[in-house]
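Report on the structure
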Amino acid sequence: MADHVVALNAGSSSLKFALYELVEGNRPSMRWRGQIERLGDAPRLLAQSAGGRSIDRPLTNTKSHDEAIHAFLEMAREYLPDIHVRAIGHRVVHGGTVYSEPVRINASVVETLSGFIPFAPLHQPYSLAGIRAASAAFPDTAQIACFDTAFHRTHPWVNDTFALPQSYYNKGVRRYGFHGLSYDYITQKLKEIAPGLYDGRVVIAHLGNGASMCAVSGGRAVASTMGFSALDGLPMGTRSGQLDPGVVLYMMQQEGLSADEIAEILYRKSGLLGLSGISSDMRTLLSADTSEARKAIDYYVFRIRRELGALSAALEGIDALVFTGGVGENSAAIRQMVCDGMRWIGIEMDHARNADGGTVLSTDFSRVRILSIPTNEEMVIARAAANLVE
């Protein structure tokens, strides 16, 4: 039987998965990837194999993560009857100050992760639900937790704290940063394709429905645009990004909104959707001919430039800018708008290269290299799972 590892990413109404065969040297090789979406509503399984085979089927009686795990298992057995799952890796949004690297899951780890729910109330419960469901379906299989916050545990204290009474820092109110699995992948990819840049000062822009940027020096995180929660920093599809805390006080004191009502606004009704009144999808906004859409894009680009300047200052200079994520990898227009406003810092984009969508997007004379590298968070999880059971 062929040894495999599974990478799982459990959301509120979805379960994303990737199935990897362990080939020579215990190296993960992707066989299938996909997701079960709209759990509890009209669930559907979407998947694609490495060979190009596609699955798109509705599911019945699939309302929970447990049932989604079983639907994935049935699909795996149908197309890979010789499968033997050696380990299951889980994307866990929050590892607090405890976990700075992947860890094998046991009852004590689950209890610790449950204690981080107040730090990520809209994400952590679903990570734990995925862990419990996979553990029930695969009771004899190693379960591995991989953390979005772990990559950022190398932040210096000045980029890890808020100017609050010290007691809050001791309670865990800190700048954790997120999208760490993506930054880990991009950093390791740079080490492979451009070791000189890996050793230098790099700003990585993970631009997607969720968006953040990270300053990396010598492969280690120095600063991130996201802080205590996944709300901070850049405007996102439906999330506000950076916000004066006085706005939250105003919502509470003047409008009488509850914490849940404010969370609904900040997480699901703000960002590009809130600014444009049209959509959270950048593709829709770029094709829309309205002033609101243009303003939303202008604000998005402005915030990226502003954070790029700030992160370059944190690094005391910049050698490379890397775009990744759904928008960063696919939107030549957004990349150009960002870079054309940053010539003063040594960023010079080659518009033809950018339009072609290659890896190197800068001119031959640009002091700062510009690259576009597709991210692969599932691969980071699969590698960690394979290493921990080796």
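Okay, so let's go over this structure.

Reading guide: rules and limits
Residues numbered from 1 in each chain as written. Predicted model: local features only at pLDDT ≥ 70, side-chain atom pairs only at ≥ 80, totals over all residues. Heavy atoms only, no water. Core = buried A, V, L, I, M, F, W, Y, C linked by side-chain atoms within 4.5 Å. Buried < 20%, exposed > 50% of the residue type's maximum accessible area, 1.4 Å probe, protein only. Helix = DSSP H or I, 4+ residues; strand = E, 2+ residues; numbered from the N terminus. Contact = heavy atoms within 4.5 Å. Pairing = 2+ DSSP bridges. Axes fitted to C-alpha atoms, helices over the stretch in contact; angles between N-to-C directions. Patch = residues over 30% accessible without salt bridge, like charges linked within 9 Å, V, L, I, M, F, W, Y side chains within 5 Å. Areas by Shrake-Rupley, 256 points an atom, 1.4 Å probe, with all protein chains shown as cover. Salt bridge = Lys/Arg side-chain N within 4 Å of Asp/Glu carboxyl O.

This next bit is on the nonpolar core. Judged by nonpolar contacts, the single largest core of 56 residues is most densely connected at Leu113, Leu207 and Ile347. The element contributing the most residues to this core is helix H11 (residues 291-315), with 9 residues. Aside from chain neighbours lying at most four places away, what touches Leu113 is Val92, His94, Tyr99, Gln124, Leu128, Ile131 and Phe147. Membership of the second largest hydrophobic core comes to 35 residues, among which are Ala142, Leu190, Tyr198 and Val216.

As a general feature of sheets, a regular strand has side chains that alternate between the two faces. Buried residues dominate strand E1 (residues 2-10), accounting for 8 of its 9 residues. By the bridge criterion, 7 bridges tie E1 to strand E6 (residues 83-92) in an arrangement that is parallel. From the neighbouring strand, Ala2 faces E6, where its bridge partner is Ile83. For E1 and strand E2 (residues 15-23), the ladder comprises 7 bridges, and the chain directions are antiparallel. Its bridge partner being in E2, Leu8 is matched across the sheet by Phe17. In sequence, E1 turns back onto E2 through a hairpin of 4 residues.

Here we come to the sheet that holds strand E10 (residues 211-217). Strand order in the open sheet formed by 5 strands is E11-E10-E9-E12-E13, and the pairing between neighbours is mixed. On the outer flanks of this sheet lie strand E11 (220-224) and strand E13 (369-372), each paired with one strand and no other. On average, each strand axis in the sheet is inclined to that of its neighbour by 25°, with strand direction left out of account. Taken together, the 4 bridges between E10 and E11 define a ladder with antiparallel strand orientation. Following the sheet pairing, Ser217 is matched in E11 by Arg220. Each of strand E9 (201-207), E10 and strand E12 (320-324) is contacted by helix H5 (residues 180-193), which is oriented at about 135° to E9, the strand it contacts most.

Across the sheet, which stays open at both edges, the 8 strands sit in the order E5-E4-E3-E2-E1-E6-E8-E7 with mixed pairing between neighbours. Strands with a single pairing partner mark the edges of an open sheet, and in this sheet they are strand E5 (54-58) and strand E7 (103-104). Of the strands in this sheet, E1, E6 and strand E8 (142-147) touch helix H3 (residues 124-137), which is tilted by about 165° from E6. Packing of helix H15 (residues 377-389) onto the sheet brings it into contact with E1, E2, strand E3 (27-37), E6, E7 and E8, and relative to E6 it is tilted by some 120°.

Attention now goes to a nonpolar patch on the surface. The grouping of Leu275, Tyr299 and Phe302 at the surface amounts to a nonpolar patch, some 270 Å² of accessible area in total. By the secondary structure assignment, Phe302 is in helix H11. For Phe302, a relative accessible area of 43% puts it in the partly exposed group.

Moving on: the side chain of Ser229. Counting through the fold element by element, Ser229 comes out in the loop between E11 and helix H7 (245-253). Ignoring any residue separated from it by four or fewer positions in sequence, one finds Ser229 in contact with Phe178 and Tyr267.

This paragraph deals with the pattern of salt bridges. A full pass over the atoms with the stated rule returns 19 salt bridges. For Arg294, the salt bridge identified is with Asp289, shortest N-O distance 3.3 Å. Accessibility expressed as a relative area gives 71% for Asp289, which makes it exposed. Between Asp340 and Arg343 there is a salt bridge whose closest N-O contact spans 3.5 Å. Given a relative accessible area of 52%, Arg343 falls into the exposed group.

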